[in-house]
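Structural overview
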Amino acid sequence: LQKHVVDPQKPTTNISLRMKQGRGQVVVFNTDHTVQDVRRYCQIELLLLGSSSTNESSSAIHNNQAEVVEFELLAGFPPKAIPDTTTTSTGQSQSNSQSLKDAGLLNSAIDVRFLSTTEEKRCR
């Protein structure tokens, strides 16, 4: 997993992410980044937050060996879940490929609701 790269030559937007434990941060994205880019960023951050050792977690993320953290993104007021997939006008399903601009998420506040990890699910 790799975080997005911001191109300073393109328009940017600030997304306020509220993670678990009340931890918030403002992250800069290009307006043409996708919802998937935000999800990937949150996945990495949640893995880092949940790890007791940042070096171990960073190594696992870099080697694509990290466990999956399940979460959902909520935006707007009242907060509504940002779907994993969207349906186009032609009826086709798009998986997180909608740009932040097209999704109406420019300069927005997004809550990241932590659901579980694959390890927690195995223990149940």
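Residues numbered from 1 in each chain as written. Predicted model: local features only at pLDDT ≥ 70, side-chain atom pairs only at ≥ 80, totals over all residues. Heavy atoms only, no water.

Let's talk about the overall build of the protein chain
For the protein chain, the count of helices and strands is three helices and seven strands. For the protein chain, the sequential pattern of α-helices and β-strands runs β-β-α-α-β-β-β-β-β-α. The buried share of the protein chain, taken over its 124 residues, is 33%. Counting contacts in the protein chain only where the partners sit at least 6 residues apart, residues at least 24 apart contribute 61% of the total. When the accessible surface of the protein chain is split by element, carbon and sulfur atoms take 47% of a total near 7600 Å². (Helix = DSSP H or I, 4+ residues; strand = E, 2+ residues; numbered from the N terminus. Buried < 20%, exposed > 50% of the residue type's maximum accessible area, 1.4 Å probe, protein only. Contact = heavy atoms within 4.5 Å. Areas by Shrake-Rupley, 256 points an atom, 1.4 Å probe, with all protein chains shown as cover.)

What to know about the confidence of the model for the protein chain
It should be kept in mind that the predicted coordinates are not to be read in detail where pLDDT is low. Residues at a pLDDT of 70 or more form 69% of the protein chain, whose mean pLDDT is 78. Note on residues 52-62: pLDDT is under 50 here. Beyond four places in sequence and across chains, it has 12 contacts. A low-confidence stretch, residues 119-124 stays under pLDDT 50, and its non-local contacts, those more than four residues away or across chains, total five contacts. (pLDDT = per-residue confidence, 0-100.)

Some thoughts on the nonpolar core
Counting residues in hydrophobic clusters, the biggest one holds 20 residues, and the most contacted among them are L17, V38, C42, L73, I110 and V112. Put simply, the parts of the chain that give this core at least two residues each are β1 (12-18), β2 (24-30), α1 (35-50), β3 (69-75) and β7 (109-117). Filtering out sequence-adjacent residues up to four positions away, V38 remains in contact with L17, F29, L73, L100 and I110. (Core = buried A, V, L, I, M, F, W, Y, C linked by side-chain atoms within 4.5 Å.)

Re the environment of T12
You can see T12 is positioned in strand β1. Using a relative accessible area of 44% as the deciding quantity, one classes T12 as partly exposed. Not counting the four nearest positions on each side in its chain, T12 is found in contact with V6, D7, V28, F29, N30 and T31.

A look at the pattern of salt bridges
According to the stated counting rule, one finds five salt bridges in the structure shown. For K3, the salt bridge goes to E45, with nearest N and O atoms at 2.5 Å. Of this pair, K3 sits in the segment before β1 while E45 sits in helix α1; the two residues are 42 residues apart in sequence, bridging distant segments of the chain. By relative accessible area, K3 is classed as partly exposed at 34%. Across the salt bridge formed by K10 and D32, the nearest N and O atoms sit 3.0 Å from each other. One end of the pair, K10, is in the segment before β1; the other, D32, is in the loop between β2 and α1, with 22 residues separating them in the sequence. On the basis of relative accessibility, which here comes to 39%, the residue K10 falls in the partly exposed class. A relative accessible area of 41% means that D32 is categorised as partly exposed. (Salt bridge = Lys/Arg side-chain N within 4 Å of Asp/Glu carboxyl O.)

Considering the packing of aromatic side chains
Tallying each qualifying case throughout the model produces one aromatic pair. When the ring of F29 is compared with that of Y41, the centres are 6.2 Å apart and the planes differ by 75°; the resulting orientation is edge-to-face. Of this pair, F29 sits in strand β2 while Y41 sits in helix α1, and the two are 12 residues apart along the sequence. In this pair, the class of F29 matches that of Y41, namely buried. (Phe/Tyr/Trp six-rings, centres within 6.5 Å; stacked < 30°, edge-to-face > 60°.)

Overview of the side chain of H33
Tracing the chain through its elements places H33 in the loop between β2 and α1. Using a relative accessible area of 10% as the deciding quantity, one classes H33 as buried. Engagement of the side chain of H33 in a polar contact is seen with the backbone oxygen of V5, the distance being 3.3 Å. Once you skip the residues sitting within four places of it in the chain, H33 turns out to touch H4, V5, V6, Q98, S99 and L100. (Polar contact = N/O pair within 3.5 Å; in protein donor to acceptor, adjacent residues only side chain to side chain.)

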